[in-house]
Amino acid sequence: MTLIQWFIFFLAVQVIHYLATWKLYQKAGRKSWEAAVPVYNAIILMKIINRPTWWTILLFVPVINLIMIPVVWVETIRSFGKNTTTDTILVLVTLGFYIFYINYTQDVAYIPNRSLHSTTQAGDTVSSLLFAIVVATIVHTYVMQPFTIPTSSLEKSLLVGDFLFVSKFHYGARTPMTTVAAPMVHDTLPLVNVKSYSKWPQLPYFRIPGLQSIERNDIVVFNWPVDTVYKFFDRSGRKAVDKPIDKKSNYVKRCVGIPGDNLSIKDGAIYINNELLILPERAKTQFHYTVVLKEPAYGAILEENKFNEYLPYYTISASIWDKPEVRAYLTNGKNTAQLSEVTRDSTMVVVQGIINQDDYTKLGMNYSQTAGEINMTEKVKNKIAADPRVLSVTKVVHPKDKSVFPQNSAWSIDNFGPITIPEQGKSVSLTAENLPLYKRVIEEYENNELKINGNQILINGTPTTSYTFKQNYYWMMGDNRHRSEDSRYWGFVPADHIVGKPVLIWMSLDQSVPWSKAIDKIRWERLFTTVGGDGQPYSYFKFFLIALAAYFGISFYMKKKKQKTA
């Protein structure tokens, strides 16, 4: 909705409110015109229903007002004696229009000093629950949001199974754009697995001023700009979904490029304005390395170094690999993972993937496992290279790939650019060569009509040779460079997609350990560690336990003291 449409909608709501309540305002000792003045009428209504004036603010906070407005409907009719269960149901199912019936047909009397406490246990429980939801939604939307690391794109900096608190106020809390949505859930309602929001109506983008701007090397949570999946991780054959910005899937990556930066990647290293980007000490960048062994000790090396991301190579007899029944079995996904052919000669085939030991026995295959591709940091790579069982360790540099942004380039995820990251208010010359870089920015993120007429570029019907950006953009990448779907594949992240800054790991669960070993499953050294900061992570968990014990101790002492004086 445009601002004019929202203004018309707001005026329509005020008219409806006046028509539904002006007589009730009079019966409460107020003037009828007070029901017609926007915002002021809500303040007066809070006085009529004997609720605090600050409730008025909650009526205008998106999502929270979906809870508060029905509450006000119920409070309004109860202030005039309509407090039966039937009255409550009628005002809710008619979306408040039951108040029209009371206003014009019922001879009701105003109850100025009615009790605000529920007369039933169920009513008291509902009131407490609604209050808790409102408070939690405010915290979740404007202060701090819990977030889980679902993928390995930031390993080993952040681990799969880390539970984070994401600050909304560091970069400035973004007010919800989707006004009709279930509180504290994202794009899907749990259990029932249906959409949790309505695309209409939408509020314009607005962000409360933050404490800081996004800086290079910050880890940032943002909405995945090209998200059209039904729900996070659901990339099945369902029809693509056009989601509102704030309902796109949440991603977490490291910001390696800020507005105005000139960025390039050379053999996996990031260069900003032609200088190598120095990552913080806590950033543990990983790359793929091909490890060739002197002896078949691949499994032992994996176990000793606790690798959880690897892709081994197998040398298999070509006569066995080429058998139709063997090929069908090994490549149809029924085993641990699908295998794919890498190279071959007249007698042997090198296959990449993962296969169970039992599968070899079942198929009667003779094999020797001589190499593999392991994901690891530079420090671990040096350790592996010094292992006497290892013949060589070679960094994998990916070749040109048409799937890399902007999808028609000659770049790869390891050799990319240079590109200039868009900056608000700055202009860029548009050419046939660089237009693919900024096409989505111009059309999708900044809502322009872009057309190509021969050698001419038209924006909103006007021929142009340049474009001025309306907002800032960022370049996000994972520290796990070859296991990260990031800006190298889908481009720039707009400022209006920024969600917040991860600040604390409050829980961390090792996904490879079963719940039957709950003590071992918890990564105790990561509990209550900060995400940012200098030096290595430090756990503040013991201080949390001390504070918790102090709280319960003081509470117990105060309770006993109160009992003695009673």
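Further up the page is the structure itself.
The structure presented is a predicted model; accordingly, all values stated were derived computationally and were not measured. (Residues numbered from 1 in each chain as written. Predicted model: local features only at pLDDT ≥ 70, side-chain atom pairs only at ≥ 80, totals over all residues. Heavy atoms only, no water.)

A word on the pairing of strand β2 (residues 162-167). By the bridge criterion, 5 bridges tie strand β1 (residues 144-148) to β2 in an arrangement that is antiparallel. Each residue of the ladder has a partner; that of Thr148, found in β2, is Phe163. Of the strand pairs in this sheet, β2 and strand β24 (residues 498-508) are connected by 6 bridges, and their pairing is antiparallel. Along β24, the bridge assignment pairs Asp162 with Ser508. (Pairing = 2+ DSSP bridges. Helix = DSSP H or I, 4+ residues; strand = E, 2+ residues; numbered from the N terminus.)

What follows deals with the sheet that holds strand β20 (residues 462-464). Spatial ordering of the open sheet is given by β18-β19-β20, a layout of 3 strands whose pairing is antiparallel. The outermost strands of the open sheet, each flanked by one partner alone, are β18 (450-453) and β20. Strand-to-strand twist of the sheet, defined as the mean angle between neighbouring strand axes without regard to direction, takes the value 40 degrees. As paired strands, β18 and strand β19 (residues 456-459) are joined by 4 bridges and run antiparallel to one another. Among the inter-strand pairings, Lys451 is bridged to a residue of β19, identified as Leu458. Docked against the sheet, helix α13 (residues 435-445) engages β18 and β19, running at close to 140 degrees with respect to β18. (Axes fitted to C-alpha atoms, helices over the stretch in contact; angles between N-to-C directions. Contact = heavy atoms within 4.5 Å.)

Okay, the packing of aromatic side chains next. Evaluated as defined, the whole model comprises 31 aromatic pairs. Summarising the aromatic geometry, the rings of Tyr251 and Trp490 are spaced 6.3 Å apart at their centres and angled 70 degrees between planes, so their arrangement reads as edge-to-face. Of this pair, Tyr251 sits in strand β6 (residues 250-257) while Trp490 sits in helix α14 (residues 487-490), and the two are 239 residues apart along the sequence. On the accessibility criterion, Trp490 (5% relative accessible area) is buried. Pairing Trp524 with Phe541 gives two aromatic rings, centres 6.1 Å apart and planes at 50 degrees, and the pair type is tilted. With a gap of 17 residues between them, Trp524 in the loop between α15 (518-521) and β25 (529-530) and Phe541 in helix α16 (residues 541-565) connect regions that are remote in the sequence. Three or more aromatic residues joined by ring pairs form one cluster here, namely Phe405, Trp411, Phe416, Tyr438, Tyr445, Tyr467, Phe469, Tyr473, Trp475 and Phe492. It is Lys395 that lies over the ring of Phe287; its NZ or CZ is 3.9 Å from the centre. The residue whose ring lies beneath Lys521 is Trp515, and the NZ or CZ to ring-centre distance is 5.2 Å. (Phe/Tyr/Trp six-rings, centres within 6.5 Å; stacked < 30°, edge-to-face > 60°. Buried < 20%, exposed > 50% of the residue type's maximum accessible area, 1.4 Å probe, protein only. Lys NZ or Arg CZ within 6 Å of the ring centre and 35° of its normal.)

Another aspect to go through is the pattern of salt bridges. This model, assessed by the stated rule, comprises 18 salt bridges. The partner of Asp162 in a salt bridge is Arg526, with the nearest N and O atoms 2.7 Å apart. A residue pair is termed long-range when its members are at least 10 positions apart, and Asp162 in strand β2 and Arg526 in the loop between α15 and β25 qualify at 364 residues. Grouping residues by exposure puts Asp162 and Arg526 together as buried. One network of salt bridges, in which partners are shared, links Asp162, Asp510, Arg523 and Arg526. (Salt bridge = Lys/Arg side-chain N within 4 Å of Asp/Glu carboxyl O.)

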